[in-house]
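# Fold and geometry: a report
Here is how the chains run, residue by residue.
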Amino acid sequence: MDILYLLIPLSAVLVLAILGVFAWALNAGQFDDLEQHAEQILAADEAAFDRHQAP
Amino acid sequence: MLGCAAEIDDHLNRGRNMDTRTSRACILDAGQARVTLGAARLRNRSYVGTPNEDPLACGRAPADVPHSPVIDDPAELAAFTRWDSVAGERCIAESSLRIAGMHCAACAATIEQVLKQVSGVLDASVSAAAQCATVRWDAGLTRPSAFVRAIEAAGYEAVPDTAAAARALRRTESRSALWRLFVAAFCAMQIMMLATPAYLSGPGDLAPDHKRLLDWGSWLLTLPVLWFSAAPFFAGAWRAIRQRRIGMDVPVAIGIGVAFVASSGAAFDPGGVFGADVWFDSLAMFVSFLLGGRYLEMRARHRAEVSLEEATACLPQTVVRLMSDGTVEVVNAKRLRIGDLVRVPVGQAFAADGVLAEGATEADESLLTGESRPVEKRCGDAVAAGSLNLQSPVLMRVDRAGPDTRYEAIVALMRAARSQRPAVLASADRWAAPFLWSVLLLAGAAGAAWGLIDPSRAVWVVVSVLIVTCPCALSLAAPSALLAAAGTMGRRGLLLRRLDAIQGLAKLQTLFVDKTGTLTEGSLRCVKTQRRDFSDAATTDESLQGIAASLAAWSSHPLAAALRDGFKAADMAWHDVHEIPGQGLEAVGTEGHRWRLGARLWVGARSTADADGAQTFLGRDGRVLARFEFDERLRDDAVAAVRALQADGVRVCLLSGDDARRTQRIAATLGLASSAGGMTPDTKLAAVRSAQGRGEIVAMLGDGINDAPVLAQADVSFAMGEGALVARSQADGVLVSNRLSDLVRARALAKKTMRVISQNFAWAAVYNAACVPLALVGWLPPWAAGFGMAASSLFVVLNSLRLAGPLTSKPERALQARVGAWTSSTC
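This text gives an overview of the structure that appears in the document.

Rules of the game
Residues numbered from 1 in each chain as written. Chains lettered and ligands numbered in written order. Predicted model: local features only at pLDDT ≥ 70, side-chain atom pairs only at ≥ 80, totals over all residues. Helix = DSSP H or I, 4+ residues; strand = E, 2+ residues; numbered from the N terminus. Buried ≥ 20, exposed ≤ 12 C-beta atoms within 10 Å, placed from the backbone. Axes fitted to C-alpha atoms, helices over the stretch in contact; angles between N-to-C directions. Parallel < 35°, antiparallel > 145°, perpendicular 65-115°, else oblique. Left-handed = near helix turned anticlockwise from the far one by under 90°. Contact = placed C-beta atoms within 7 Å. Nonpolar A, V, L, I, M, F, W, Y, C, P; charged D, E, K, R; others polar. Pairing = 2+ DSSP bridges. Core = buried A, V, L, I, M, F, W, Y, C linked by C-beta atoms within 7 Å. Expected span 1.5 Å × (residues − 1).

### Observations regarding the overall build of chain A
The helix and strand inventory of chain A stands at 2 helices and 0 strands. Here chain A holds 55 residues, and the buried ones make up 2% of them.

Below, the structure is given as structure tokens:
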């Protein structure tokens with residue numbers, strides 16, 4: 001079971017690394033608006049429509 | 001404040017003083033003085049167009065930048081621009097703009113390029129996600145109008161972003177809250193994994209050195225939770241202690257601190273004073289539960305702020321005004337004055353309250369009434385600021401502009417309701433301090449007692465007591481329910497100024513209602529058609545009504561509107577239509593007859609002895625054919641609403657200033673037992689007081705302005721949301737939908753709210769009563785205490801959320817916006 005002496009510190013380091021990745025994603029604004037992209041299907045469609053139909 | 005901004009202020013003041021001086025003669029009282037000042041300021045703003053007076057010039061006027069008075073107005077600029085450092089003579093400003101029409105990052109790059117090519121723009125950054133741009137510009141070289149035009153030339157739209165500062169603040173707050181929550185929750189999961197062997201292993205299964213390794217790992221992962229995630233609790237506790245008061249954070253911080261110190265001791269010195277048990281897992285889980293609750297609360301607050309901002313942002317910035325000489329000009333919506341003619345294109349919101357002067361359309365008034373179906377608007381109909389023109393371009397005449405509009409009043413009301421604290425909360429605050437002190441004393445006493453009985457368990461008993469009594473559930477019990485209910489009522493047409501009104505509405509016993517404008521509509525209804533000429537057997541009442549309705553469509557007079565609404569118009573073509581003020585309408589029909597609709601003598605009647613109400617006459621070639629009598633129109637749902645309230649045990653009583661006979665008739669129609677006509681405000685007040693003297697909870701429903709003293713006297717009061725009266729009424733709630741049935745529904749919801757609040761209090765009390773003894777006798781380990789605390793808060797919040805009705809989903813709103821944009825692009 002000596003492998004535990006390696007694995008447990010490794011898991012702690014991994015946790016800190018994951019926290020770092022999350023911090024980067026957060027500060028890059030990836031969690032600022034979680035709804036916009038889901039709704040873009042409506043908005044983008046409208047833009048395409050306008051380009052063809054507008055007088 | 002930097003040089004140029006100060007100069008602008010000075011300039012504004014100078015202009016204001018001058019204008020007040022010249023208009024001193026017409027100032028009558030303080031109220032009017034304010035109005036005059038406002039007008040002076042408006043006039044003052046228009047100076048900005050002339051180069052010599054331009055405060056932005058900073059010594060030298062830009063040579064080739066044409067002025068657009070709307071966006072370059074210093075008063076406008078202040079709302080979306082920050083003045084930055086001044087290097088010598090240069091004024092650097094930073095403006096925020098909202099961009100529309102942007103769909104991806106490529107668009108953002110295009111706009112950035114376009115902006116940087118404008119001379120005088122120092123820097124520009126555009127965010128595709130937030131749909132906004134920040135521009136740094138030199139006030140000596142350019143104006144916002146120049147780069148807004150550049151953006152428009154590139155095919156996008158830009159408007160000043162007044163809410164930029166608030167949005168940036170919200171974003172920082174939300175990011176830091178999410179970051180703290182993620183650190184706490186993720187570390188808690190890892191710590192739980194490291195703690196699992198200790199829970200599952202039998203005695204002797206886990207080697208001591210492995211156990212110590214796992215404990216050290218837990219300790220390491222607890223550090224970020226303690227120093228970073230739990231920092232707000234420690235900071236809050238420290239603030240409270242420094243101010244010599246006690247807050248909810250104090251027991252929480254003590255609990256976390258004690259658990260960490262004791263567990264660290266146990267982890268590094270298993271044989272020492274703290275025993276061998278560690279609770280890093282309980283600690284991290286407790287912190288993440290608490291942060292999770294606060295995160296949800298923050299999200300709800302931000303959503304409310306955003307919806308308020310969206311509401312305030314829905315008025316157009318500029319409008320097209322028609323001048324008396326037939327020319328048009330584009331002006332700032334804030335400069336509209338009473339009597340102005342404004343052209344409203346499809347898809348644009350009406351910028352002020354007014355009447356349609358030309359054209360007919362449909363309007364979306366959902367912001368004002370909560371009614372999502374479009375409302376038909378014909379020439380002469382009233383339109384409200386903030387409602388959306390859906391069908392065809394129209395011309396409107398402004399009746400009320402700026403802060404007098406119903407829209408502004410509603411926005412102010414929403415702000416006021418958000419910033420006040422209901423009485424239920426104030427009483428909860430009174431109880432909080434003694435409760436928290438007794439928690440601390442109890443924990444201290446339990447620790448001392450267990451120190452004598454079994455020192456190894458003393459610490460975790462203290463921690464359990466501190467955590468399990470965390471009064472989150474108690475402090476959420478009333479406000480969460482009241483806010484959820486107020487939100488639902490707002491969407492269903494009743495806006496509350498005070499949250500206390502919910503309690504009053506639930507306990508209500510007697511409801512006094514006013515007649516005119518409350519039970520009846522402002523408009524009239526044709527109640528009787530009397531034929532005067534029987535020479536032509538072919539004419540019937542119906543055919544005459546049809547002719548009258550068809551002719552009435554040419555006028556916006558209230559009586560004409562009543563005829564138009566009341567009868568199906570005959571298919572007749574009219575020409576040579578004239579409206580003679582004070583007399584009526586005259587027109588030539590298809591067979592060449594000259595028809596008149598209007599006043600008795602003008603149409604041709606001789607006799608003068610007739611009914612007392614409003615009436616109008618229809619005549620052909622000088623002969624009177626019919627007489628129409630009008631009466632007030634009961635609101636469509638008045639009868640049903642009154643019946644429903646009576647069935648609910650409310651005594652409804654009609655108080656009216658109108659004459660007793662008409663009041664009686666209305667009361668009979670509604671099935672009211674008690675009514676009183678010919679009342680003055682004083683006698684109305686006396687009636688309310690005498691009912692209160694009998695110990696009844698009294699509500700008053702009035703039109704908001706004539707009944708002001710009565711509304712103030714009643715325990716809870718509501719006003720109808722018609723016109724600008726909303727702004728001045730001091731009622732507890734405003735029925736913006738003008739539907740009486742919404743009051744009935746609101747009462748049902750208020751009753752349910754009171755039930756939910758007592759359920760919440762009962763649950764919180766039962767939970768504390770059950771868990772505190774368990775913790776005291778040592779049967780509740782800290783992890784179970786943390787779990788119980790979170791579960792009780794969750795129960796309270798979910799129970800309150802039952803009161804929140806179904807929301808209009810965001811995609812649905814997006815679809816509506818899309819339909820609006822489509823109609824405008826095809827016109």
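Let us keep going from here.
### Let's talk about the overall build of chain B
Scanning chain B for helices and strands turns up 29 helices and 27 strands. For chain B, the residues scored as buried account for 40% of the 827 residues in total.

### A closer look at the packing of helix 22 (residues 638–647) of chain B against helix 27 (residues 740–776) of chain B
Residues and elements named next belong to chain B. The contact between helix 22 and helix 27 brings their axes to 8 Å, and the two run at 25°. Judged by the angle between their axes, helix 22 and helix 27 are roughly parallel. Here helix 22 runs over helix 27; the crossing is left-handed. Along the contact surface, helix 22 presents Ala638, Ala640, Ala641, Ala644 and Leu645, while helix 27 presents Leu740, Ser741, Leu743 and Val744. For the contact of helix 22 with helix 27, a count of residues per class yields 8 nonpolar, 1 polar and no charged.

### Topic: unusual backbone geometry
Excluding glycine, residues mostly have negative phi values, and the peptide bonds linking residues are mostly trans. Residues and elements named next belong to chain B. Even without being a glycine, Asp576 presents a positive backbone phi close to 55°. Residue placement: Asp576 occurs in strand 18 (residues 575–580). Taking the number of C-beta atoms within 10 Å as the measure of exposure, Asp576 has 9 and is therefore exposed. Positive phi outside glycine occurs at Asp621, with the angle close to 50°. With respect to the helices, strands and loops of the structure, Asp621 is situated in the loop between strand 21 (615–620) and strand 22 (623–634). Classification of Asp621 by C-beta neighbours within 10 Å gives exposed; the count is 11.

### Considering the environment of Met248 of chain B
Relative to the helices and strands, Met248 of chain B resides in the loop between helix 9 (231–242) and helix 10 (249–268). On a C-alpha basis, the gap between Met248 of chain B and Ala433 of chain B in space is 8.8 Å, while along the polypeptide they are 185 residues apart.

### Remarks on the pairing of strand 7 (residues 328–332) of chain B
All names here are of chain B. In this sheet, strand 7 lies alongside strand 6 (residues 318–322) in antiparallel orientation, the contact comprising 5 bridges. Pairing of Leu322 across the sheet is with Val328, part of strand 7. Counting the residues between successive antiparallel strands, the hairpin from strand 6 to strand 7 contains 5 residues, one of them, Gly326, with a positive phi of roughly 90°.

### So, the sheet that holds strand 11 (residues 375–377) of chain B
All names here are of chain B. Taken in spatial order, the 3 strands line up as 11-10-13 in an open sheet, and their pairing is antiparallel. The sheet is open, and its two edges are formed by strand 11 and strand 13 (388–389), each paired on a single side. Strand direction decides the pairing type here: strand 10 (residues 361–364) and strand 13, joined by 2 bridges, are antiparallel. Bridging across to strand 13, Asp364 finds its partner in Leu388.

### Comments concerning the nonpolar core
Ranked by internal contacts, the top residues of the largest apolar core, which has 133 residues, are Cys187, Ala284, Val287 and Ala485 of chain B. Membership of the second largest hydrophobic core comes to 24 residues, among which are Leu544, Leu559, Leu597 and Phe628 of chain B.

### Examining helix 15 (residues 455–468) of chain B
Residue and element names in this part refer to chain B. End to end, helix 15 covers 21 Å across 14 residues, agreeing with the expected 20 Å (1.5 Å per residue, within 8%). For helix 15, a buried count of 11 out of 14 residues is recorded, marking the element as mostly surrounded by other parts of the structure. Within the sequence span of helix 15, burial applies to Ala458, Val459, Trp460, Val461, Val462, Val463, Ser464, Val465, Leu466, Ile467 and Val468.

### Looking at the pairing of strand 22 of chain B
On a regular strand, one side chain projects to one face of the sheet and the next to the other, so that they alternate. All names here are of chain B. Across 6 bridges, the pairing between strand 21 and strand 22 is antiparallel. When the sheet's bridge partners are listed, Gln615 is paired in strand 22 with Glu629. Taken together, strand 21 and the strand that follows it, strand 22, pair antiparallel across an intervening segment of 2 residues, in which Asp621 is found at a positive phi of about 50°.

### Quick look at the sheet that holds strand 15 (residues 494–496) of chain B
Two modes of strand pairing occur in sheets, parallel and antiparallel, and in both the strands are linked by backbone hydrogen bonds. Residues and elements named next belong to chain B. The 7 strands lie next to each other as 15-27-26-25-16-23-24, forming an open sheet whose pairing is mixed. Among the strands making up the open sheet, the edge pair consists of strand 15 and strand 24 (674–676). When strand polarity is set aside, the average angle formed by the axes of neighbouring strands in this sheet is 20°. Bridge count between strand 26 (residues 716–720) and strand 27 (residues 733–735): 3 bridges; the pairing is parallel. Residue pairing in the sheet places Ala719 in a bridge with Val734 of strand 27. Across the sheet, helix 24 (residues 681–693) touches strand 16 (510–514), strand 23 (651–655), strand 24 and strand 25 (698–702), and the angle it forms with strand 25 is around 155°.

### Looking at the packing of helix 16 (residues 472–491) of chain B against helix 27 of chain B
All names here are of chain B. Where helix 16 contacts helix 27, the axes come no closer than 9 Å and their chain directions differ by 165°. As the angle between them shows, helix 16 and helix 27 are arranged roughly antiparallel. Along this stretch, helix 16 crosses helix 27, giving a crossing that reads as right-handed. In this structure, helix 16 uses Ala473, Leu474, Ala477, Ala478, Ala481, Leu482, Ala485, Thr488 and Met489 to contact helix 27, whose residues at the interface are Ala746, Leu749, Ala750, Thr753, Val756, Ile757, Asn760, Phe761, Trp763, Ala764 and Tyr767.

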